[in-house]
Structures are given as C-alpha cells and as structure tokens.
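# Fold and geometry: a report
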Amino acid sequence: MSMEFVRVSRDVGLELETLPPDKNVALGEVAKNDFGQRVPLTDGDISLVASEWISNSPNVFGRYFTVDLGRNRAITRVRVRPGQTALNQPEYYVRGYRVEAALANEADIWRLLAEERNNLNLLIDTQADSTWRVLSDGMPISRTGQQVRFTITRQDRSNWVALGDIEVYAEGFEHRGNAMLQWDFDEPVNWGRVRWIAEEAEGTAFRLYAKNYDDIREWATLYPMVKNTLFSGVEPSRGFEMRGELTTEDPFTSPRWLQLEVEYDLRLVAEDAKGAVTPVRVNKGQETEIAYVIHLEINDSNYGVDRLFLDGSSIAVQQILVDGVPLRKEGDYSFSTSDEKEYTEIHLTATNRIDRDATVEVRGQGLFLNESNTVALRVGSADQERADGYLNWQNGREDIAGSWTVKAEGLPGQLLSAVDLSHRQFSPFEDGLLEFVFVVSNLNNPTDVVLSIYDLNGNRVRILRQNGGARQYTLRWDGMNEDRRTVDPGLYLYEIEVQGSGEKGRRRGTCVVAY
Amino acid sequence: MWCAIQPASAAFELGGGGAYSTALGGAFASSVQSVESIWFNPAPSARIGTSRVSSTHGTLWSGLEESPSIHSINSAWVSKWGTLQVGYSTLRAQGWEESVVLLGGSRILTPRLALGVQVQRNGWEAGQLGRNHWVGNIGVLYEAGWITRQTYVRFSGVWANIGSGLSSAGRRTGQRPRSVTLGMQVVGRGRVGSIDCRREDDRWEVRAGYESELRDGLMARLGARMYLANTVNRSGHVGLGYEWRNMRFDYAFSQSFDLGSFGAQHRFGIGYVW
C-alpha cells in the first residue's frame, strides 16, 4: 500500500494526514489585488519584476491583496515576504498592515487575524505582531478562513512598496489524500462485489476507484465505485489497483476509511470474452440493424456462458447465432431491456449454455443518440449465480481497440425531442399511468432528467426523475401528488428538464386529468 | 412543507374576468367601472349606471406549443328594478374545456348599500367525460363616501360558491371551495386603487391594482396577486384601456413569477355601453 497525505489512525483505519507546521497552504493558490487582477504573490518566488508586486507609486494606503486558499483553513500564521526590490532597497517596506480572513460561506465578513500599526521589519510575520500574541500552550490560536486579505494601512513617507510572497500556514488536516492498494493473483480472477466501511462526517467524503494494472487511464478520469457493485474494468485479470481518496472541506475533520472487502471468483465464467459491434457508423436517431459479435474462449474449468449483457445500448434482439447456427426465438433465449438504462440482457436456456469455444452473433435493431456510443460486453453464468448467491458478471474486452464504439452522425442535433403522452385525457383509476415518452440526444454524461407537474395555481404537484444519458425515456405518473393522494380532475402543466442544460433542454406542455 | 399540503386546483382557477380586471390583478370586488365586476362580486353592477356588454379573448402561457385559450362574455342590463347580469366564460385546451355560466341580479337597498345575488354553473368536459355543479354567490357593496375632498372610498364583501362541498371529492363534479372576499376601492382624481383579500381553502390571497388616466380616455393599469401563506403563483399584471365614444378597448399582460417559464398571458377585451 502506498499513501499520500494519509496516515494510519489508531490502528483502526486511515485518515488524512495533519498539515505540517511549515507547509505554506497559499503556495500555488490564486492571489488578486484590489482591482481583481492576478498578482504573483503565491508563486513561492520573490524575484525582481516577474514574481514581486511593486507599487510604482507611494500612494499605497488602503491597497489590499486577497489570497483564495481554495477551502477553509485553520490559519495559524501569515507571512508576507518582501520583494527582491525591497531587499535591495529596504525603504520599500510596509509600515502598517492588517490581515483578515473570510470563511467560504461568508465571503463578505472579514475577521481580523493580525494588525500592526508600527511595523519596522521587511519580513512581516504575523506571529510576531501584537494580534497573534493570543497563544494557547505557547502556540497561536487558529482562525478559520478561505480568503486571506492583506491590507497596507500605513506607509513611510514617499517610498514605494515591493511585496514578494504571501505565505499562509495552518493546522488541521490536509484537504485531500489517497491510499493505493494493489493485488496480485497467481491466476486470473473474476472480481466480485466490493464493499467498504468509511466514516464520512459532514463536509468530508471518501471515494474508491479501481482499475486493472494494464489500464492506462488516469485516476481522475474514472468514476468512483458504488458500494456492493461489481468492478467495471476488463476481466479476468491477475492484478488490480484500488485508490481510496479522502477529502475534507473542514480543516478539523477527516473522513476515515475503516475497512475494505473484495469478493473474487477463481473459477471464471470464460477464459476470455471479446466483443465487437458493427456497423461502427450509423445515422443518429434512426433505428439501425446492428450485429454484436462475441468470441468466447471457454474450457472445462469455466462455468460456461448463458448470460450476455450488452451495456450501453437497448437492442431489440431479432436473432442469435452460435457458430453460425441460429437459436430459436421461442424457447432458446429471451432478452430484456430497460426504460431507465441503456442495456440489453440476454438469457440462454440451460440447454443452450455455451461451454466450449464459440462465436456468438447477436443481431437486432439499435438506436444511437450520442455522437460516440460504447456498447460494452459482459458474460455471466446461472451456475455461478446459484453457487455464489449473486450474478458476478465477467467483463469482456474489445476485440480490437475501438470495436465497442459506434459513431452516430447527422440529425437529430437537438437535446430533447418532442414529448408524447400516452393519454390526452388521463384517468388514474382507469388508465393507471400517464406515460411521458421522449428522447434525449447528444448527452455524453449521465444527467438527471426531471418531470415536474404543476396545477394552475403554480403548485408543484409531483416531481419524477430518472438519471441517464442519451436514450429514450419513459416517465410514468400515477396521477398522485407528493402526499400520495389522487389529484383533482383538471388541466395540469408539465415541464421536462435535462438538468444543467439550460433552455434547450426543456419541454413544456399540458396534460388533462379526468375521471 | 406548505406546497405538499396545498390542495391541487387545476380547474376553474383562471375562468371569468376579462382584460380590464386582469390588468388590475383581479382586485375587482369593489369596482363599478366595468361590467367585468360580475365575476368578482354580484353587487357592484347595481351602481354601474348604464347597460353594458363586453367580451374578452386571451391566450394563456404563450410559451407552450398549444397554449390554452380563454374567452368570456359579460353583460349587465340596468332597469328600474335593479341590474340583471349574465356571464359566460370558457377555458379551452387540447382535450379539456371548462365553462362557467353566471346569472344574477343586484339592487341598491339604501343610498350606501347595494346587494347582489348570483347562481353559477361550473362545468368541465374532457373527451366523453363531463361534470357540472351549481353554486350561489352573494355580495354587498358599501359606499363609504368622500373621506377627503378628492378621495372616495367603497368597501365590498363577497361570499362565493355557496352550496359547494369542501372535500376533494366535491371538486370532481366541478365545485370550487367556498370563499370569502373583502375588498376596498379608493378613487381619486383620475386614479383608482383597489385591494381584495380572498380566503379560500384556509389560505388568504391578496390582489391589488392601480389605474391611472394618462390622457382623455386612455388608462394605464398595474396589478399583482399572491397567496399569503406561501409564495406560489405570484403574478404581475400591466394593461391599457381606451374609451372611444360608446366603445371600450382593454388589453392585459400577465406574467407569473412561479410559472414564468411557461410564458406570459395576453387578454384582449372589447365592450359597448348604452
């Protein structure tokens, strides 16, 4: 295990490392002058011109500089180093100053950290001034703030001022740290569920990421894992890496990572499963004939394959061929898709379980709404599910690089299609559900799609949401309000919104409840 | 929390009235300036002076592809026994139509007090389905008189939807809950200010309006309405009115602050006085 800004805490878990007293937390953060212009006072350098601020005028009374620390810090000391010009010409010093801090959520309320009306030092160290002499056990009492403001309140006659760097020192926890774990196995394994225990107080967070050894993606590009879910990288694999990331916005509180449990299967579903989708270019928004070809390597020690999962596309399966021999639509297999996610799950009957090397071809109709669509392959086994009590999908790999990707071209260019209602007059008692059907296109990241229903008084009667990417959505309203009471007959207004996409991601209309 | 326990009212919320009264935010229970007052109080038509008829046509939520439309006809017939009032209002949307028919009379009882009564039929139709319900309204108008040399004040009270059940089940037949409205109108030189407070379903709604004469026959109007218990469906209104011989022309623009994304509402009205 390797750790960065993380430490073992009382033998029960990991928490963030405490800040070392000599760490300048302002280093590399943004500093601005009183005109909102960036100034080079947090670059760790005081050299002439490029890394210092020089007033070019003796009129500096009231001028101030603000450093944004990026988050609240428990500040114990602020040091203002003179610029190189001031070191050469010591009369370019600051005679009087004030240092203040503002919390992240109270940006306009400045609290005094330090003040000196009669400074005679080139190097301003607030620990030495009158204000910071408030000590506890010989140490300065910390003041919390995200913004630190340094104001020149007095200047000596007609001299200029040259400032080099503003340094801020703090106590409490580092705001971010991580621990990396690695596993090696003698044989390739199929990862199962991943669980962990972490304490996440308010303002803190723990995230877990995982990938294979040979996965070259940056950690920052991965999605965090969800508890009790399966690994999303290629399987089987001999080695895995996990990264636990701890973050806090509260300088005095750290999340703690207490436990990690990983299930894995030494018996594989298949030695290898590779997939490729054709065609690789389609017309956007048009139902297209597609074929998904899967090459399976299976030996006697494997469970064999009777479950297929094509993640990223809802395919209306029309035919499945195993080594060129078609399966019967009735009796040999079944498939399912979902309104809420884009996937296709295929179940082969036990007699059609594939327990040898084979090529499987899935043919059907698919709809692609993003410019780039990925259809990932997973294989599974009902025997494994019975043995372990849950279905541990084994992730496949691309046949060749890019063979899971379908590029969709042309229209539609719009984000949200027109909305079709299943009933113009809807009775909750006779019709059951009112369906709002629409298509979201050109959405690359999963986003909340929200349906809000209003009465004519402007009351929001009901809100429904689904999370997803570009696909067809069906949101169903049962005619009840948030209190689970059937609404009165009448005309209702609805609004569908792809959140965060502005006006282009909204559609509005009316619907009728009548009974 | 308040939103969660609000009764959902999706019918008969926007019927009645016209471009004149809408521009004043619906603060019209004490108004004797227009025949549209029959939708707010049965009594003021007793003091309307001359027989009148007017009609309003409007588009609701212009941001929708199929905006609902609203139409109303309002009339008051003055005779030596009192004033007869007849109104018809309809709101139409795709698959939904609701209508209100109103019939009433008003009479001056004393030099300061006028009384009016109405019967009203609320009905809606959606496809093959339809419901109707009859209710009654009683209103009074009290002339407080000149409180200064240039300021005249009148008060009003309305008890509406008498005979209505308050339960949710009652609304299915087209009922509106009973309501009580208290209103006041202040008339100055070329200016009119009105305020109505209406209690319905255990909540108060406040409506306020202001009208000023820009030049001969040309009136500018402002209005606002909101519920006190919450901030749902606050709306602002502006409008213009013009009188030419016996004709009256009105326009109202309404914008809901809470349903603003659905677009504005526009109402046009035309009236005749004889």
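Residue positions are given per chain, counting from 1 as you read along its sequence in written order. Throughout, the order in which chains and ligands are written sets their labels, letters from A for the former and numbers from 1 for the latter. Note on the predicted model: pLDDT of at least 70 is required for a residue's local features to be given, and 80 or more for side-chain atom pairs to be given and counted; whole-chain, interface and lining totals, by contrast, use all residues.

Right, let's get into the sheet that holds strand β35 (residues 434-440) of chain A. Residues and elements named next belong to chain A. A sheet is described by the order of its strands in space; here 3 strands give the open sequence β33-β35-β38, paired in antiparallel fashion. Looking at which strands have only one partner, the edges of the open sheet turn out to be β33 (420-421) and β38 (471-477). In this description, strands pair whenever DSSP reports at least two bridges between them. Counting from the N terminus, the helices are the DSSP runs of H or I reaching at least four residues and the strands are the DSSP runs of E reaching at least two. Pairing geometry for β33 and β35, over 2 bridges, is antiparallel. Across the sheet, Asp-420 pairs through a bridge with Val-437, a residue of β35.

Turning our eyes to something else, we now look at the environment of A:Asp43. Mapping A:Asp43 onto the fold places it in the loop between β4 (30-33) and β5 (53-54). Along the primary structure A:Asp43 and A:Glu167 are separated by 124 residues, whereas in three dimensions their C-alpha atoms are 9.6 Å apart.

Moving residue by residue along a regular strand, the side chains alternate between the two faces of the sheet. Where strand β7 (residues 152-162) of chain B meets strand β8 (residues 179-188) of chain B, 9 bridges bridge the pair, whose relative direction is antiparallel. Bridge pairing in β8(B) places B:Gly157 opposite B:Leu182.

Right, let's talk about the pairing of strand β29 (residues 376-380) of chain A for a bit. Residues and elements named next belong to chain A. Exposure criterion: with C-beta atoms placed from backbone coordinates, a residue whose C-beta has 20 or more other C-beta atoms within 10 Å is buried, one with 12 or fewer is exposed, and one in between is partly exposed. Most of β29 is tucked away: 4 of the 5 residues are buried. By the bridge criterion, 5 bridges tie strand β22 (residues 307-311) to β29 in an arrangement that is antiparallel. Residue pairing in the sheet places Phe-309 in a bridge with Arg-378 of β29. Pairing geometry for β29 and strand β30 (residues 394-395), over 2 bridges, is antiparallel. Residue Arg-378 lies in a different strand from β30, and its bridge partner there is Asn-395.

As a further point, take the confidence of the model for chain B. Residues and elements named next belong to chain B. Averaged over every residue, the pLDDT of chain B is 87; residues scoring 70 or more account for 89%. Predicted confidence is poor over residues 166-170, with pLDDT under 50, and the contacts of this stretch with residues over four places away or in other chains come to 7 contacts. Here the complex is predicted with pTM 0.65, and the ipTM for its interfaces comes to 0.87. Confidence of the predictor in every single residue is expressed as pLDDT, which spans 0 to 100. Two residues qualify as being in contact provided that their C-beta atoms, derived from the backbone, are within 7 Å of each other.

Below, the discussion takes up unusual backbone geometry. With the exception of glycine, most residues fall at negative phi, and the peptide bonds are largely trans. Backbone torsion omega between A:Glu235 and A:Pro236 reads -5°, so that peptide bond is classified as cis. Here A:Thr278 and A:Pro279 are connected by a cis peptide whose omega angle stands at -5°. Residue A:Asn228 is not a glycine yet carries a positive backbone phi of 65°. Relative to the assigned elements, A:Asn228 resides in the loop between β15 (204-212) and β16 (229-230). Here B:Arg245, not a glycine, exhibits a phi torsion of approximately 50°, which is positive. Mapped onto the secondary structure, B:Arg245 falls in the loop between β12 (235-244) and β13 (247-256).

Residue and element names in this part refer to chain A. The mixed open sheet is built from 6 strands, whose spatial order is β24-β23-β27-β21-β19-β31. Of all strands in the sheet, those with a lone pairing partner are β24 (325-326) and β31 (397-398), marking the two edges. Sheet topology places strand β19 (residues 272-278) next to β31; 2 bridges connect them, and they run parallel. When the bridges of β31 are listed, Lys-274 appears paired with Arg-397.

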